[in-house]
Amino acid sequence: MTTTASVNELIQLSVKGGKTDATCGTSLAKGPWEFDKGVAEYGPGASLDDHIPANSPIQAQIPASYREASDEELDARIRAAKETLGDRVVILGHFYQREEIVQYADYLGDSFQLAVAATKHPEAEAIVFCGVHFMAETADVLSSASQSVILPNLAAGCSMADMADTLSVEDCWEQLTEIYGTEPNAEGKVPVIPVTYMNSSAALKSFCGRNGGIVCTSSNAQTVLEWAFERAERVLFFPDQHLGRNTALAMGVPLENMPLWHGRKALGGNDELTLKDAKVILWNGFCSVHKRFNVGQIEKARKDFPGVRVIVHPECPMDVVQAADEYGSTDYIRRAVDGATEPTTFAIGTEINMVQRLAAQYPQHNIFCLDPVICPCSTMYRIHPAYLAWVLEELVKGNVVNQITVAADVQDNAKIALERMLAAKPQ
Ligand code: SF4
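Residues numbered from 1 in each chain as written. Predicted model: local features only at pLDDT ≥ 70, side-chain atom pairs only at ≥ 80, totals over all residues. Heavy atoms only, no water.

A. Quick look at the pattern of salt bridges. Going through the model one piece at a time under the given rule, you end up with 19 salt bridges. The salt bridge involving Glu272 is made with Lys276; its shortest N-O contact spans 3.6 Å. In this pair, Glu272 and Lys276 both sit in helix H12 (residues 272-277), 4 residues apart, roughly one turn of the helix. Notably, a salt bridge pairs Lys300 with Asp304, separated by 2.5 Å at the nearest N-O pair. With Lys300 and Asp304 both in helix H13 (residues 295-304), this residue pair falls 4 residues apart, about one helical turn. (Salt bridge = Lys/Arg side-chain N within 4 Å of Asp/Glu carboxyl O. Helix = DSSP H or I, 4+ residues; strand = E, 2+ residues; numbered from the N terminus.)

B. Spotlight on the state of the cysteines. As enumerated under the stated definition, the model contains 1 disulfide in all. The disulfide that involves Cys24 links it to Cys375, with 2.2 Å between the sulfurs. Across the S-S bond linking Cys24 and Cys375, the dihedral sits near 85 degrees, which makes this disulfide right-handed. Placement of Cys24 in the loop between helix H1 (7-16) and helix H2 (64-67) and of Cys375 in the loop between strand E13 (366-369) and helix H17 (385-396) is noted, with a sequence separation of 351 residues between them. (Disulfide = S-S within 2.5 Å.)

C. Spatial organisation of the nonpolar core. In terms of nonpolar packing, the biggest core is built from 144 residues, with Val128, Val195, Phe237, Ile367, Leu388 and Leu392 touching the most fellow members. Per element, the largest residue contribution to this core is 8 residues, and it comes from H17. Leaving out residues up to four positions away in the same chain, Leu392 has contacts with Ile78, Ala81, Leu85, Val89, Ile91 and Val128. (Core = buried A, V, L, I, M, F, W, Y, C linked by side-chain atoms within 4.5 Å. Buried < 20%, exposed > 50% of the residue type's maximum accessible area, 1.4 Å probe, protein only. Contact = heavy atoms within 4.5 Å.)

D. The site of the ligand, seen in detail. In the vicinity of the ligand, the contacting residues are Tyr96, Val132, Cys158, Ser159, Asn199, Cys287, Val289, Glu315 and Cys377. Considering only residue class, the shell around the ligand consists of 6 nonpolar, 2 polar and 1 charged. (Near = heavy atom within 4 Å. Nonpolar A, V, L, I, M, F, W, Y, C, P; charged D, E, K, R; others polar.)

E. Summary view of the side chain of Ser200. As for its placement among the helices and strands, Ser200 is situated in the loop between strand E5 (190-197) and helix H9 (202-210). Take Ser200: its relative accessible area is 1%, and that puts it in the buried class. Looking at Ser200, its side chain comes within polar contact range of the side chain of Thr196, at 2.9 Å. Among residues more than four places away in sequence, those in contact with Ser200 are Phe134, Glu137, Ala161, Lys205 and Pro239. (Polar contact = N/O pair within 3.5 Å; in protein donor to acceptor, adjacent residues only side chain to side chain.)

F. Up close: the sheet that holds E13. Read across the sheet, 4 strands follow the order E11-E10-E12-E13 without closing on themselves; strand pairing throughout is parallel. A single partner strand is all that each edge strand has here, and the edge strands are strand E11 (326-327) and E13. Examined bridge by bridge, strand E10 (residues 309-312) and strand E12 (residues 345-349) share 4 bridges and lie parallel to one another. Directly across from Val312, in E12, lies its bridge partner Gly349. (Pairing = 2+ DSSP bridges.)

G. Inspection of the environment of Met354 at higher detail. Structurally, the position occupied by Met354 is in helix H16 (residues 352-361). Each C-alpha atom of the pair Met354 and Tyr96 lies 5.4 Å from the other, and the pair is 258 residues apart in sequence. Those residues in contact with Met354, other than ones at most four positions away along the chain, are Phe95, Tyr96, Thr330, Ile333 and Arg334.

H. Just the packing of helix H6 (residues 133-142) against helix H18 (residues 408-423), in detail. Remark: H6 packs on H18, axes separated minimally by 9 Å, with the N-to-C direction vectors making an angle of 95 degrees. Between H6 and H18, the interaxial angle falls into the category roughly perpendicular. Mapping the contact onto sequence places Thr138, Asp140, Val141 and Leu142 in H6 and Gln411, Ala414, Lys415, Leu418 and Leu422 in H18. Residues belonging to the contact of H6 with H18 are distributed by class as follows: 5 nonpolar, 2 polar and 2 charged. (Axes fitted to C-alpha atoms, helices over the stretch in contact; angles between N-to-C directions. Parallel < 35°, antiparallel > 145°, perpendicular 65-115°, else oblique.)

I. Spotlight on the pairing of E10. Strand direction decides the pairing type here: E10 and E11, joined by 2 bridges, are parallel. By the bridge assignment, Ile311 is partnered in E11 with Glu326. Running through helix H14 (residues 318-323), the crossover from E10 to the neighbouring parallel element E11 is right-handed. (Right-handed = clockwise from strand over helix to strand, strands pointing away.)

J. Expanded view of the pairing of strand E7 (residues 232-238). Along E7, 6 of the 7 residues are buried, which leaves the element largely enclosed by surrounding structure. Of the strand pairs in this sheet, E5 and E7 are connected by 6 bridges, and their pairing is parallel. When the sheet's bridge partners are listed, Pro194 is paired in E7 with Leu236.

K. Region of interest: unusual backbone geometry. Look at the link from Phe238 to Pro239: it is a cis peptide, with omega at -10 degrees. Counting through the fold element by element, Pro239 comes out in the loop between E7 and helix H11 (241-250). For Leu267, which is not glycine, the phi torsion reads 50 degrees and is therefore positive. Position of Leu267 relative to the elements: it lies in the loop between strand E8 (260-261) and H12. Phi angles above zero are rare outside glycine, and Asn402 is one such case at about 55 degrees. One can find Asn402 in the loop between H17 and H18.

So far we have only geometry, and geometry alone does not tell us how the molecule works.
And the structure:
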C-alpha cells in the first residue's frame with residue numbers, strides 16, 4: 001500500500017521503532033548539524049561510502065537557536081522572514097529535497113527547470129538554492145552580477161560531480177587530442193567535443209565552453225548529443241557514465257564504441273585503437289542513489305504487482321533502464337504520473353523524496369520506490385529547515401551568508417556552455 005509520509009517521517013519512525021535495516025543509516029534520523037564537525041564528509045545516505053575530495057566545502061555550526069528550535073518554531077521563523085523579504089528573495093527547490101524544505105520553494109523542479117528559473121527574477125537580491133553545490137554555481141553564472149546565490153548548507157555537494165575533477169579531465173583531453181589531433185574532417189566535424197552533465201563543477205562547464213562543448217541535463221541529453229554529433233566525430237561525456245551510455249545507446253551508438261575512461265590511468269585504461277573507434281568516451285562517474293537500483297527489484301515489483309508501470313531515471317545502470325518500461329528525467333517521471341488517467345501502480349527508480357511526494361500528491365495511484373531501503377541523497381538531505389531559517393533571517397538583517405560565487409575567469413566560458421544547453425530544449 002502507498003505510504004504518504006515524508007521521507008524524514010519514515011526515517012524517524014523506522015529508527016524509533018528499532019527497524020534499523022529499513023534505512024541505509026540510522027544517523028539519518030539526526031539533525032544534519034551533527035555532521036558539521038569541521039571535516040569534509042558527505043554524511044549519512046547514499047553517498048556515504050564515496051570518496052569526498054579534500055577541498056570540499058565545509059559547513060560551520062549554525063547557532064544553537066536554530067539547531068534547538070522545534071519544527072513549529074522553524075516554520076514560523078521561515079514564513080516570517082520570507083514575508084519580510086518579499087520579492088527580494090526567491091527560493092528554488094530541487095525535486096530531491098526533503099518535503100519539509102520544498103513547502104517553502106517558489107519554484108520546484110529539476111536542474112534544467114531551476115537553471116531557467118534562476119534567470120527569471122532580476123528583481124531578487126538573493127536566490128536561495130535548496131539543492132546542491134553545482135546547481136547554486138549554475139544559478140550564479142546565469143543570474144545577474146548584483147544577485148547573490150545562497151546555498152543553505154555548504155556541505156550539500158554531489159558525489160557524482162566530485163568524481164570528475166578539472167585536472168583529470170584536462171589530462172584526459174590532452175591525451176585524446178594527441179591521438180585525434182584537432183583538424184576537422186572532410187565534413188567539417190572536429191575529432192571530439194566535450195559534453196558535461198549539469199552535475200559538474202562550474203570549472204568543468206567552463207572547460208566545455210572553452211573547447212566548443214556544451215552542458216546537458218537528463219531532460220535534454222539526447223538533444224545535446226545530437227547537437228554534438230552535428231559538430232564532432234565523437235563525444236567525451238562526463239561525469240555520469242550511465243546517462244551517457246543510456247542516451248547514446250537509445251540513439252543507436254553500439255556499446256563497443258563507448259569505452260569507459262578511468263581518470264589517472266594512461267589512456268583512461270584503454271588502448272589507442274579502441275579510442276580511435278570510439279563514438280562516446282564515458283567518464284567513470286555515477287550517482288550513488290541511482291546505482292542502488294537493480295533488475296531484481298524490477299522483477300519483484302512485477303511479481304508483486306502484475307501490470308505495474310516501472311519508470312526509472314537514466315542515471316540508473318543500463319540493465320535497469322533496459323528492464324524498465326520507461327525511463328526519463330525527474331520531470332518526465334512527474335509528467336508520466338500526472339498523465340495517468342486510470343488508477344495505476346507505479347514502481348519508480350529515482351531519489352526517494354521525489355517518489356514519496358508523488359505518492360502523497362496522487363493518492364489515486366499506488367506509487368512506491370523500487371529500492372525498499374530508505375536511502376536519500378546524502379547531500380540534498382543536508383539541507384534542513386534550520387539552515388533555511390538561518391540564511392533567511394541573516395538576509396533580513398542585511399547579511400549574506402553561504403554565498404556561492406563562481407570566479408570571474410570561469411564565468412564567461414561556463415555561461416557559453418550553459419547557454420548552448422538552454423537553447424537545446426528537452427524533448
Ligand atoms: S542524487 Fe546523485 S547526482 Fe543527484 S545530487 Fe545526489 S549524488 Fe548527486
